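Topology and contacts: notes
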Amino acid sequence: MTSKAPNTLSMQQKDLLLDATNTIAPHWPLDKLIAVNPLWSLVHKPFDDISDELSALAGIKTHLPIKSYRAWYDEGRISQDCLVKAAHHYDLKVAPESLLEHLSQASAAQTPWRNIADLADQQRSAHKMSWHDEITHQVSQFCAAHYQQQSPTLRQHNIDSELDLYSHWLEVTNEDKGLSIIMAESKLTDFFHHLPNDKDALFALVIDELALDDKALLFYAQALLLDINGWSSYLAYLNWSKGDNNENLAKENHVESLLAIKVAWELVIWRYLKHTSIALHAAIETKWSAQKNAIPQLIEAHQDALLAPKVWALALEYSEQKNLHKTLVAKQPAPTLSTRPELQAIFCIDVRSEVFRRALEKQSDTIQTLGFAGFFGLPIEYKAKDSQYARPQLPGLLQAAITVTECTSSKNHVHHQQKEARWHRWGHAAPASFSMVESMGWWYAFKMFKQTLFSMRQEHPANRLAPNTSWQLTQHGFALTDQDKANLAKGILDTLKLTTYAPIVMLVGHGSHTSNNLHAAGLECGACGGQSGEVNVRVLASLLNDDKVRALLNNMDAAIPSDTQFVPALHNTTTDQLTCFDQIEGLKDTDSKMANWLKETGWFEKAQYLAQQERATKLDTSLLEVPDKQRSKAFTRRANDWSQVNPEWGLANNHSFIIAPRQLTRHLDLQGRSFLHDYDQHHDPDFSILERILTAPMLVTHWINMQYNLSVTDNFKFGCGNKVLHNAVGGNIGVFEGNGGDLRIGLSMQSLSDGEKWMHTPVRLAVYIAAPKAEIEKIAAKHDIVRQLIDNGWLYLFQWEGDKVQRFFQQRWQAPE
């Protein structure tokens, strides 16, 4: 039998390498930061199986240590009956009276897969630089230089120029004489000269020399990418942002190029040790061969070791769900809102809105609040007037179809924006704290001192929208007609399904308010491109207040009462202040009267004080007993404080998504842990609205939930460590913790812990739907991604009807466990 030429990849091997690159989920850059499930590309497999495989591949943790769960058990957060049910789910045959003791015993730590560099490090002198550490540092620093847009290194003029990542790395590395010195390995750099320029040829060489069969090849490639997961995730975003068309992907698969670099290092170490130390190489080769042949046994060993943490984690989820079920099915008071409301306020489904909505509703029975996706159904990107700057204003899963631009903007406003943008860009560079002080001398030091004593709000200049403006909407370069605008508005109103309109309908977007925070975009809308909802609500209000659009809507069976006015507003989630944008060109003369009336009622101020008091229990308990105005000023000071590492807790401790009419939850205190999307099955005869909710907002809430969960369980791989040590990479690419190591993704420890306890409880999202079972089944069967999330245990899905809650799992309905 003739063997394949050693430097030729088979189609099967090519596909396996591509499969490995596709296991990495994208991570968005700082200026477009959104929450992402870092395991999104793996949801076609059961969550438990992925936990076992990732633990075996890279020592990744998807559960907390047993001692954390045991502490929650002792506090009463995990009940004994839920622990027994969880053990039964995993078929753990231990008597209930012995179960607690059995599960409290720590399992022996299992060693994960070792790459060639790791095996070499086991025999390496402690006085020499670790192979693994140097590879991570060199590759990470090179990626930062290659992809930065301000001043790419060497001949890399921009990220689309002729040299791909691997070719560029090989060229630079071949010119680097310092690697041999750093590693204290004479002539190490000579071995890079023998690497092929072609990635496929390189992969073929490695497969041949390391004797990789197909199973080992896929496992090994995944392990190499997870070893530098931060950069793998950012490069997966670059692949994603190019779209799925074959022409773009043929240009360069960035993740594949990174894999080639990691493979090249492995081959160099393998060859170098074979040349310089036959005995050491033989020892590594023996371990390598044994490891390749024992992949199934390795996964099984990790599966056995993870059994106890899995039982504890499931018991915690059962306990949380049990408490929420009791809350949801409790007897409801009779509805109080029987007439036309005085005010309707439509908020984002964000968990932070639940606290403010509850506080606002307490002000009057004539107030109705609703929950709707935070981008308000507008498929838009915002382009600043007289500028090339553009940003998405919709969930990362979607592509913008319409561009919105301010119609009027004074030259002074544009000039000020551009000047501030340049300053902002410089001030957020990695060495900014040093270079700006050195360059500006005492003047900048004075500015920092002033900011310490007299804190003022700092915001990105692009967020300073031109005042008193109307909006231009274009698609493919052409302005939308009045009919186009009416069609857009009709689609949004059809999803909102308002059966009655109040005289004032507030469209409430949300944004955050922090200073000196590289991850500020992550505290804006958790889905909408890392932006606040201000543009969306202002654009939508201008559409719905437009007389021409309204006239057309009247002819489309979407009549809006003539006395109804749409008022755009923004909820500041850091301070719980609500700002109305009522001075907009084109609105009726009654606007100012409405604004005055809203101010006179005091509803928003009272709601703000109530919400701030509730949040003070988690942010700063010393503010609980102070007067309302004093507490409010303290919240603003926290937001302006450039040294504040805990400006707000964001979406921490989220655990559920409720798709139901607000009247079913209005009387409930959901503790700011639930995403709330209004939905009334009686106004959705074909259940198309429910289908849109389950295929868009539900995916977004799942992403947010899993980002928080995994940032807690494994902050090293899926979180970004200590934010005090962060430095920006390439302006907006991401952050280093310190000045090196892998690119850090996910959430910082300061967003998850107060230093003593976790502020987020890692439990998988529980989704509750007030809709018929048959319709839920149909939607799950129609959409693979929805079915996979449900059946593979990435989230829980429940039908909620009256005093009954039933779980839908693997095409069957069952009572909740």
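Residues numbered from 1 in each chain as written. Predicted model: local features only at pLDDT ≥ 70, side-chain atom pairs only at ≥ 80, totals over all residues. Heavy atoms only, no water.

Rules: UniProt positions are given in the numbering used here, feature names are shortened, and annotations may be inferred rather than shown by experiment.
The name that an unreviewed UniProt entry assigns to the chain is Probable inorganic carbon transporter subunit DabA, with the source organism given as Marinomonas foliarum. Regarding the chain, the UniProt comment filed under Cofactor (unreviewed entry) reads as follows: "Zn(2+)". Recorded under Subcellular location (unreviewed entry), the UniProt text for the chain is reproduced unchanged: "Cell membrane".

Examining the overall build of the chain
Heads up, the rule is: Each helix is a run of H or I in the DSSP string that is no shorter than four residues. Each strand is a run of E no shorter than two, and both are numbered from the N terminus. In this analysis, two residues are considered to be in contact whenever any of their non-hydrogen atoms come within 4.5 Å of each other. Under the convention used here, a 1.4 Å probe and the Shrake-Rupley method define accessible areas, while residue burial counts only the protein chains that appear.
Of the regular secondary structure elements, the chain holds 32 helices and 18 strands. Put simply, 74% of the contacts in the chain that link residues at least 6 apart link residues at least 24 apart. Counting only carbon and sulfur atoms, one obtains 52% of the accessible surface of the chain, whose full area is about 35,100 Å².

Remarks on the packing of aromatic side chains
Describing an aromatic ring pair means giving the distance of the ring centres and the angle of the ring planes. Let me state the cut-off plainly: Working definition: rings of Phe, Tyr and Trp (its six-membered ring) pair if their centres are within 6.5 Å, and the pair is stacked with planes under 30 degrees apart, edge-to-face with planes over 60 apart, and tilted otherwise. Relative accessibility thresholds used throughout: buried, under 20% of the residue-type maximum; exposed, over 50%; partly exposed, between the two (1.4 Å probe, protein chains only). Any Lys NZ or Arg CZ found within 6 Å of a ring centre and within 35 degrees of that ring's normal is scored as a charge over the ring.
Evaluation of the coordinates by the stated rule reveals 28 aromatic pairs. With 6.5 Å between their ring centres and 90° between their planes, Phe-657 and Phe-675 make a pair best called edge-to-face. Here Phe-657, found in strand S11 (residues 656-659), pairs with Phe-675, found in strand S12 (residues 674-677); they are 18 residues apart in sequence, far enough to count as distant. Accessibility classification places Phe-657 together with Phe-675 in one group, the buried group. In this structure an aromatic cluster arises from ring pairing among Trp-28, Trp-40, Tyr-147, Trp-231, Tyr-234, Tyr-237, Trp-240 and Trp-703. The cationic tip of Lys-773 hangs over the ring face of Trp-813; the distance from NZ or CZ to the ring centre is 5.5 Å.

Looking at the pairing of strand S8 (residues 504-511)
Sheet faces and side chains relate simply in a regular strand, where the side chains alternate between the two faces. Summarising burial for S8: eight of the eight residues are buried, a large majority. By the alternation rule, side chains of S8 split into Ile-504, Met-506, Val-508 and His-510 and Val-505, Leu-507, Gly-509 and Gly-511, which are all buried.

Things to note about the sheet that holds S8
The line we're drawing: Any two strands with at least two DSSP-identified bridges between them are counted as paired. Whenever a helix is involved, its axis is fitted only over the stretch in contact; in every case the axis is a line through C-alpha atoms, and angles between N-to-C directions fall within 0 to 180 degrees.
Read from one edge to the other, the open sheet built from five strands follows the order S2-S1-S8-S9-S10, with strand pairing classed as mixed. One side of each edge strand has no neighbouring strand; the edge strands of this open sheet are strand S2 (367-372) and strand S10 (578-580). The average angle at which neighbouring strand axes cross in this sheet is 25°, direction not considered. Bridge analysis of strand S9 (residues 565-572) against S10 gives three bridges, and the strand direction is antiparallel. Among the inter-strand pairings, Ala-569 is bridged to a residue of S10, identified as Cys-580. Contacts from helix H23 (residues 534-544) reach S8 and S9 within the one sheet, and its direction differs from that of S9 by about 175°.

So, the UniProt feature "binding site: Zn(2+)" (unreviewed entry) in the chain
When the UniProt feature table is mapped onto this chain, "binding site: Zn(2+)" (unreviewed entry) is found at Cys-348, Asp-350, His-510 and Cys-525. Separation in sequence by 178 residues is not matched in space for these annotated residues, since their most distant C-alpha atoms are only 8.8 Å apart. Looking at where Cys-348 falls in the secondary structure, it is placed in strand S1 (residues 343-348). Residue classification places Cys-348 among the buried residues on the basis of a relative accessible area of 4%. The contact partners of Cys-348, leaving out residues within four places of it in the chain, are Ser-353, Phe-372, Gly-374, Val-508, His-510 and Cys-525.

Quick notes on helix H14 (residues 254-276)
Stated precisely, the cut-off is as follows: One fewer than the residue count of a helix, multiplied by 1.5 Å, yields its expected span. Think of a polar contact as two N or O atoms within 3.5 Å of one another; within protein, one of them needs to be a possible hydrogen donor and the other a possible acceptor, and neighboring residues in sequence only count if both atoms come from side chains.
Counted at 1.5 Å a residue, the expected span for H14 with its 23 residues is 33 Å, and the 33 Å between its end C-alpha atoms agrees. With 20 of its 23 residues buried, H14 lies for the most part within the structure. One side-chain oxygen at the N-terminal end of H14 lies 3.2 Å from the backbone nitrogen of Val-255; it belongs to Asn-253.

Details of unusual backbone geometry
The backbone of Phe-687 sits at a positive phi, close to 60°, despite the residue not being glycine. Within the element layout of this structure, Phe-687 appears in the loop between S12 and helix H28 (688-695). Phi angles above zero are rare outside glycine, and Gln-810 is one such case at about 55°.

Looking at the nonpolar core
A general feature of soluble globular proteins is that nonpolar side chains tend to end up buried together. As a reminder of what qualifies: Residues enter a nonpolar core if they are buried and are Ala, Val, Leu, Ile, Met, Phe, Trp, Tyr or Cys, with the set joined through side-chain atoms within 4.5 Å.
Formed by 178 residues in total, the largest nonpolar core has its most connected members in Trp-169, Leu-195, Trp-231, Trp-265 and Leu-690. With 14 residues, the top contributor of residues to this core is H14. Apart from residues lying up to four places away in sequence, Leu-690 is in contact with Ile-659, Tyr-679, Asp-684, Ile-769, Ala-771, Ile-776 and Ile-779. Formed by 35 residues, the second largest nonpolar core is a distinct cluster that contains Leu-493, Leu-498, Val-537 and Ile-560.

Details of the pattern of salt bridges
Rule in force here: Note on definitions: salt bridges are taken to be side-chain nitrogens of Lys or Arg within 4 Å of carboxyl oxygens of Asp or Glu.
Applying the stated rule across the entire model yields 33 salt bridges. Taking the shortest distance from any N to any O, the salt bridge between Arg-340 and Asp-563 comes out at 3.0 Å. Here Arg-340 is found in the loop between helix H17 (307-329) and S1, whereas its partner Asp-563 is found in the loop between helix H24 (547-554) and S9, with 223 residues between them in sequence. Of the residues examined, Arg-340 reaches a relative accessible area of 35% and is grouped as partly exposed. Salt-bridge contacts for Glu-534 lead to Arg-538; the nearest nitrogen and oxygen are separated by 2.9 Å. Here the residue Glu-534 and the residue Arg-538 both occupy positions in helix H23, the gap between them amounting to four residues, near one helical turn. The pair Glu-534 / Arg-538 is uniform in exposure class, with both members buried. What emerges from the salt-bridge pattern is a single network uniting Glu-354, Arg-358, Glu-614 and Asp-669.

With respect to the packing of helix H16 (residues 295-305) against H17
Counted only if it meets this: In what follows, roughly perpendicular refers to angles from 65 to 115 degrees, roughly parallel to angles under 35, roughly antiparallel to angles over 145, and oblique to any angle outside these ranges. Residue classes follow a fixed rule: Ala, Val, Leu, Ile, Met, Phe, Trp, Tyr, Cys and Pro count as nonpolar, while Asp, Glu, Lys and Arg count as charged, and any other residue, Gly among them, counts as polar.
Across the interface, H16 lies against H17 with an axial gap of 4 Å and an inter-helix angle of 45°. It follows from the interaxial angle that H16 and H17 lie oblique. Contacts between H16 and H17 pair Gln-303, Asp-304 and Ala-305 from the former with Leu-307, Ala-308, Pro-309 and Lys-310 from the latter. Tallied by class, the residues present in the contact of H16 with H17 amount to four nonpolar, one polar and two charged.

Here's the deal with the sheet that holds strand S3 (residues 380-383)
As summarised here, the arrangement of the five strands in space is S4-S3-S5-S6-S7, forming an open sheet in which the pairing is mixed. The outermost strands of the open sheet, each flanked by one partner alone, are strand S4 (390-392) and strand S7 (478-479). Examined bridge by bridge, S3 and S4 share three bridges and lie antiparallel to one another. Of the residues in S4, the one forming a bridge with Lys-383 is Ala-390.

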